[in-house]
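Observations on the three-dimensional arrangement
So you can see what is in the structure, the chains are spelled out below.
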Amino acid sequence: MERTDVKDLNKIIIQGPIVRVFANEIATNFTIKTPRLNMPNVAKEGEVCYNYPEISFYGAEKDAIKEVYKEGDVVRIEGMIQTQRKRAKDSGKEFYDQKIIGLSIAEAEKELAVFGYEGGSYVEAENRIYLKGTISKIASPAKGVLTINIRTFFNGRVNNIQTFLYERNIGQYMENYRVGDRICAIGGVQTLKKESADGDRYYRNIVISSICKE
């Protein structure tokens, strides 16, 4: 595979069945079900492990998309991570809220398409993020955990994306990577379920599986 010459990259590909559609005057939101990467498919309790990334579509196309795609449809979505600086109501601390913004959506490809035919099963679900940018912050908040903020300028917008790296030898990464370094990273969206009085909520983390300097 040839090395990309794109200066910055902020791209996400999500493919799988739609399990929830929520639309309002601002956006149309799809929740997609994808198997977890680099983790067991079945939890100890016997529950199958999945991630549930939520993707939001804005603008004039959001209403048309809502009419075309329904729960149960298997789709392929391409988009980007968008960050927005906010202030927590309880503590007053600033933080970056991260959303997945959809740029395109289509029915997922089926396996027989490789031969030029229709039909067959859908190709495997996908949950991948491709980032290329500059380290704006790097820290180790806990043993075996590294947070790396990657600043990208892509599609006319600057985003400061917080990512997580889980490794035993975090010290090696702290020695080799510094603020200002240009890096390439690949990962996926990991969702964490938290129960509340208002129902289950899923929190999104960007988890890196591979990283290198540019």
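Below is a short write-up of the structure. (Residues numbered from 1 in each chain as written. Predicted model: local features only at pLDDT ≥ 70, side-chain atom pairs only at ≥ 80, totals over all residues. Heavy atoms only, no water.)

In this structure, N155 is a non-glycine residue whose phi angle is positive, near 60 degrees. When you line up the elements, N155 lands in the loop between strand 9 (145-154) and strand 10 (157-166). By relative accessible area, which is 54% here, N155 ends up exposed. (Helix = DSSP H or I, 4+ residues; strand = E, 2+ residues; numbered from the N terminus. Buried < 20%, exposed > 50% of the residue type's maximum accessible area, 1.4 Å probe, protein only.)

Turning our attention to the environment of Q15. Mapping Q15 onto the fold places it in strand 1 (residues 9-23). Taking relative accessible area as the criterion, Q15 reaches 2% and is therefore assigned buried. Here Q15 is in contact with I32, T34, V75, R76, A108, V123, E124, A125 and E126, once residues within four sequence places are set aside. Among the polar contacts listed, one links the side chain of Q15 to the backbone oxygen of E124, at a separation of 3.2 Å. (Contact = heavy atoms within 4.5 Å. Polar contact = N/O pair within 3.5 Å; in protein donor to acceptor, adjacent residues only side chain to side chain.)

Attention now goes to the packing of aromatic side chains. Any pair of aromatic rings gets described here by the distance separating the centres and the angle formed by the planes. Here the structure, examined in full by the defined rule, presents 3 aromatic pairs. A centroid spacing of 6.3 Å and a plane angle of 10 degrees characterise the contact between F164 and Y166, whose relative ring orientation is stacked. Over the ring of Y50 we find K33; its NZ or CZ atom is 4.3 Å from the centre of that ring. We note K110 situated over the ring of Y122; from NZ or CZ to the ring centre the distance is 5.0 Å. (Phe/Tyr/Trp six-rings, centres within 6.5 Å; stacked < 30°, edge-to-face > 60°. Lys NZ or Arg CZ within 6 Å of the ring centre and 35° of its normal.)

The element strand 2 (residues 28-32) is extensively covered by neighbouring structure, given that 5 of its 5 residues are classed as buried. Side chains T28, F30 and I32 project from strand 2 onto one buried face, and the interleaved N29 and T31 project onto a second face that is buried too. Inspection of the sheet shows strand 1 paired to strand 2 by 5 bridges, in the antiparallel sense. In the sheet register, A23 faces strand 2, and the bridge partner there is T28. Counting the residues that bridge the hairpin from strand 1 to strand 2 gives 4 residues. (Pairing = 2+ DSSP bridges.)

Next up on the list: the pairing of strand 1. Relative to strand 8 (residues 126-142), strand 1 runs antiparallel, the two being bridged by 7 bridges. Looking across to strand 8, one finds that N10 is bridged to L131.

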